[in-house]
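Chain and residue survey
Listed below are the residues making up each chain.
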Amino acid sequence: MSVEKEYHFIAISGSLRKGSYNTMALKALQQLAPSHIKIEQVHFDDIPLYNADLHTEQLPESVVPLVKKIKAADGVIIVSPEYNYSIPGALKNAIDVVSRHPDKPFSEKAVAIMGASQGQIGTARMQYHLRQVMVFLNAYVVNKPEIMIGHAQNKFDESGNLTDELLIKQLPQLLDSLARLSDKMASGI
Ligand code: FNR
């Protein structure tokens, strides 16, 4: 009997608010993941605003745990809202800060992006901006499936559980794509 390879992914919600649809989507990923894929939610609330004047010598200590988690993960999942047609400022700041760490945690990392919004387009514009950012960081982003959760207010029940049949099928497909991309990165793409 063959033993299935285990994957450890980390997931970041781009929304800091308690009732976030994006955090609900992240939890749905955790619930729908097959048993060989573990997804740990990581937070960026304690990452300070980037200031090159203050951070020439060394980045603040609070940055190190996030850098280490990204570096150690088999893949990173970013689940984010779209703010003003782009990446939420707090999330972009956190990415900017960790990108200045000498370990370059995103370099050659397998990344999956998805997002939820109450509008129709479901974070498409944010996702393409984030893909562009990932190019500079030398990360590799899963191309398909693209998961853009529009009208998010209709896709979860009152307890925050995902109820949309199509998404319930698609979320494990995204995890499978990330696992396959992670394998490619590990064997040298
Ligand atoms: C938004 N929202 C939004 N929605 C969208 O589809 N496109 C957009 O450009 C924006 N812009 C935007 C800017 C700002 C500052 C806020 C606060 C909100 C609405 C957004 O999608 C909605 O509030 C989501 O519910 C936010 O995600 P969470 O917090 O539920 O995960």
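Residues numbered from 1 in each chain as written. Predicted model: local features only at pLDDT ≥ 70, side-chain atom pairs only at ≥ 80, totals over all residues. Heavy atoms only, no water.

1. Re the overall build of the chain
Note the cut-off: The secondary structure listing takes helices from DSSP runs of H or I that are at least 4 residues long and strands from runs of E that are at least 2 residues long, numbered from the N terminus. Each radius of gyration is computed over the set of C-alpha atoms, and the globule rule expresses the reference value as 2.2 Å times the number of residues to the power 0.38. Buried residues are those whose accessible area, probed at 1.4 Å on protein chains only, stays under 20% of the maximum for their type, while exposed residues exceed 50% and partly exposed ones sit between those limits. Residue contacts follow a heavy-atom distance rule, with two residues in contact if any of their heavy atoms lie within 4.5 Å. In short, Shrake-Rupley with a 1.4 Å probe defines the accessible areas, and a residue's cover is counted only from the protein chains shown. The convention is simple: Lys and Arg are positive, Asp and Glu are negative, and His and the chain ends are not counted. Charged groups are reduced to one reference atom each: NZ for lysine, CZ for arginine, CG for aspartic acid, CD for glutamic acid.
Looking only at helices and strands, the chain features 5 helices and 6 strands. If you list the helices and strands of the chain from N to C, you get β-α-β-α-β-α-β-α-β-β-α. Computed over C-alpha atoms, the radius of gyration of the chain comes to 16 Å, within 12% of the 16 Å expected from 2.2 N^0.38 for 189 residues, which places it in the range of a compact globule. With respect to the principal axes defined by its C-alpha atoms, the chain has extents near 50 × 45 × 25 Å. Across the 189 residues that make up the chain, the buried fraction comes to 50%. Across the chain, the fraction of contacts at a sequence separation of at least 24, relative to all contacts at a separation of at least 6, is 78%. Here the chain has roughly 10,200 Å² of accessible surface; of this, 51% comes from carbon and sulfur atoms. Of the charged side chains in the chain, 19 are positive and 20 negative; the average position of the first set lies 3 Å away from that of the second.

2. Focus: the layout of surface pockets
Which entries qualify depends on this criterion: Method remark: on a 1 Å grid restricted to protein atoms, a set of points is classed as a cavity if a 1.4 Å probe fits but cannot get out and as a pocket if it is open with protein on both sides within 12 Å along at least five of seven lines; lining residues have an atom within 4 Å of a point. Grid points are joined across faces, edges and corners, and a volume is the space filled by probe spheres set on the points. Only Asp, Glu, Lys and Arg are considered charged in this grouping, and only Ala, Val, Leu, Ile, Met, Phe, Trp, Tyr, Cys and Pro are considered nonpolar; every other residue, Gly among them, is considered polar.
Of the pockets and cavities examined, the largest pocket occupies roughly 180 Å³. Counting only elements with at least two residues in the lining of the largest pocket, the list comes to helix H3 (89–99) and helix H4 (124–136). Sort the elements by how many residues they give to the lining of the largest pocket and H3 lands first, with 4 residues. Tallied by class, the residues present in the lining of the largest pocket amount to 6 nonpolar, 2 polar and 4 charged. Taken as a whole, the second largest pocket spans an internal volume of roughly 150 Å³.

3. Things to note about H4
This is how it is decided: For a helix, the expected span equals 1.5 Å multiplied by the number of residues minus one.
Compared with an ideal rise of 1.5 Å per residue, which puts 13 residues at 18 Å, H4 spans 19 Å between its outermost C-alpha atoms and is within 8% of the ideal. Trailing H4 by a residue or two, Asn138 shows a phi angle of about 65°, which is positive.

4. Looking at the packing of aromatic side chains
For clarity, the threshold we go by: Aromatic pairing here means that ring centres of Phe, Tyr or Trp (its six-membered ring) are within 6.5 Å. Orientation follows from the plane angle: under 30 degrees is stacked, over 60 is edge-to-face, and everything else is tilted. Should the NZ of a Lys or the CZ of an Arg lie within 6 Å of a ring centre and within 35 degrees of the ring normal, that charge is described as sitting over the ring.
Scanning the model with the defined rule gives 2 aromatic pairs in all. Here Tyr7 and Phe9 contribute two aromatic rings whose centre-to-centre distance is 5.9 Å and whose plane-to-plane angle is 40°, an arrangement assigned as tilted. An identical accessibility class is assigned to Tyr7 and Phe9; each is buried. Lying over the aromatic face of Tyr85, Arg125 brings its terminal NZ or CZ to 3.7 Å of the ring centre.

5. Quick notes on the site of the ligand
Keep this limit in mind: Residue proximity to a molecule or strand is established when one non-hydrogen atom of the residue lies within 4 Å of it. Between N or O atoms, a polar contact is any pair within 3.5 Å; within protein, one atom must be a potential hydrogen donor and the other a potential acceptor, and residues adjacent in sequence are included only when both atoms are from side chains.
All residues in the neighbourhood of the ligand are listed as Ser15, Arg17, Ser20, Tyr21, Asn22, Pro81, Glu82, Tyr83, Asn84, Tyr85, Ser117 and Gln118. Taking Ser15, its side chain carries an N or O atom lying 2.7 Å from an oxygen atom of the ligand. Within the side chain of Glu82, one N or O atom sits 2.9 Å away from a nitrogen atom of the ligand. Here the residues of the shell around the ligand sort into 4 nonpolar, 6 polar and 2 charged.

6. Observations concerning helix H1 (residues 21–32)
Spanning 12 residues, H1 covers 16 Å between terminal C-alpha atoms, matching the ideal 16 Å at 1.5 Å per step. Burial in H1 covers these residues: Tyr21, Asn22, Thr23, Met24, Ala25, Leu26, Ala28 and Leu29. Those residues of H1 that are buried are in contact with strand E1 (7–13), strand E2 (37–42), strand E3 (75–79), strand E4 (110–116), strand E6 (147–149) and helix H5 (165–186). Two to three positions downstream of the cap, the backbone nitrogen of Asn22 sits 3.0 Å from a side-chain oxygen, assigning the N-cap of H1 to Ser20.

7. Some words on the side chain of Ser182
In this structure, Ser182 sits in helix H5. Under the relative-accessibility criterion, Ser182 is labelled buried at 7%. Apart from the residues lying within four places of it in its own chain, the contact partners of Ser182 are Tyr7, Asp74 and Ala110.

By themselves these figures say nothing about function.
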